[in-house]
Amino acid sequence: MNKKIKAIIEFVKVHKKESIGLGVALGVAIVGYSGYAINKHYSNKIKAAETNNIALTEKKEDSSETLENKEDDPKEAENDIVVEENEDGTLIVKDKEGNTIADSSKGDDVTKVITEKKEAGSNVNIKDKDGKTEKVDKVEGGSITVTGGGTVTVKPPVVAEATKPTNKPSNNNNAGGNVESNSKPQENNNSNNNPTPPAQNKPVEQPNIDNNKPQQPVEPKPQPPVEKPTEKPQEPVKPEKPKRTWEYQGAMSQELWSLFNQYRQENGLNALNWNGQYASWTKQHAEEMAQKESTFHKSYPEGGQVVTGGNVYTTASGFLQAFKNSPQHNKNLLDDELTEGACAIYKDSNGQFYVTIGFDY
């Protein structure tokens, strides 16, 4: 055993330098390989992490694009809450299962419900009468604004008047006919249980009446006579005077105009043309005379007129005869320079006539 140890020691001593160099080289090789292995391990991990980050970034961008597309298109987005507009302008709020949450026709505050749902993060869309769906942007002042810029005005809920219940008295009749009283019997608040002593009856002192003295008769007091109200005689009711009226006589006016032109032609003169202006002036003139119950001349914008009235003559021919009987009026009727004119007759409820013939002289 000692020989072997000694041989090893000698071998070490002889190869001491070579052993040291080999050990150093072996150590350097081991350290270098270990560093390479570690570097490669971490390089692979970094590449894998970069690959994962790129994949996550692409996935996030795809998700963002999908979310933006859903937000841009309300039809593709999930309708958490849908507001339907009826023909009468009322609104119904439903969830995505179709259950009714609020109905403005039943008095529900639809705007309040929509505001609460939006604050809770729900996606609220509104569907108008034509079936068009738009996303609700905001609710303000009783109006709903959609993303397209339109506005839906919410009709105020109709609140029915509360009817007061009629309080009817309840009959608490028992089968036996007895009525139960709700009033409690009065409690005896006396602390002493001793009975109250009976009241003593004192004799009442009566006045001494002397029956021997004669009683004086009571004389009745005279009452003043009752005065009867004097009845005033009723004044007789005066009959109301009927209100006077007057009316335009169109047919008689045309008849007078025809007789007037016939009279001119019989005297070798021309017939006058009917003029609308003179028709208006003569009609207004005759009505004014009927109102004032008198005949008078009046200034026309041009031309002149002859007038008559009363109840001596009551026909168109009679009125023309009245003008013929007056030399000045007859001269005016047969003026050879006349070309146009008109006439009017009014009659009042008293049987009086008011006649005017106007012409351009």
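Small disclaimer: the values here were computed from a predicted structure and weren't measured. (Residues numbered from 1 in each chain as written. Predicted model: local features only at pLDDT ≥ 70, side-chain atom pairs only at ≥ 80, totals over all residues. Heavy atoms only, no water.)

Student: In this structure, what is going on with the overall build of the protein? I would like to understand it.
Tutor: The secondary structure content of the protein amounts to seven helices and 12 strands. For the protein, the residues scored as buried account for 23% of the 361 residues in total. Within the protein, contacts between residues at least 6 apart in sequence are counted, and of these 54% link residues at least 24 apart. When the accessible surface of the protein is split by element, carbon and sulfur atoms take 50% of a total near 28800 Å². (Helix = DSSP H or I, 4+ residues; strand = E, 2+ residues; numbered from the N terminus. Buried < 20%, exposed > 50% of the residue type's maximum accessible area, 1.4 Å probe, protein only. Contact = heavy atoms within 4.5 Å. Areas by Shrake-Rupley, 256 points an atom, 1.4 Å probe, with all protein chains shown as cover.)

Student: Just checking my understanding: could you explain the pairing of strand S1 (residues 81-85) for this structure?
Tutor: Successive side chains on a regular strand alternate, one facing one side of the sheet and the next facing the other. Counting buried residues in S1 gives four out of five residues, a clear majority hidden from the surface. In the sheet, S1 pairs with strand S2 (residues 91-95) via five bridges, with the strands oriented antiparallel. Bridge assignment links glutamate 84 to a residue of S2, and that residue is isoleucine 92. Taking the residues that link successive antiparallel strands as the turn, the S1-S2 hairpin has five residues, and the phi of glycine 89 there is positive, at about 90°. Direction of pairing for S1 relative to strand S4 (residues 124-127): parallel, over a ladder of four bridges. From the neighbouring strand, valine 83 faces S4, where its bridge partner is isoleucine 126. (Pairing = 2+ DSSP bridges.)

By themselves, these observations are geometric and do not establish any function.
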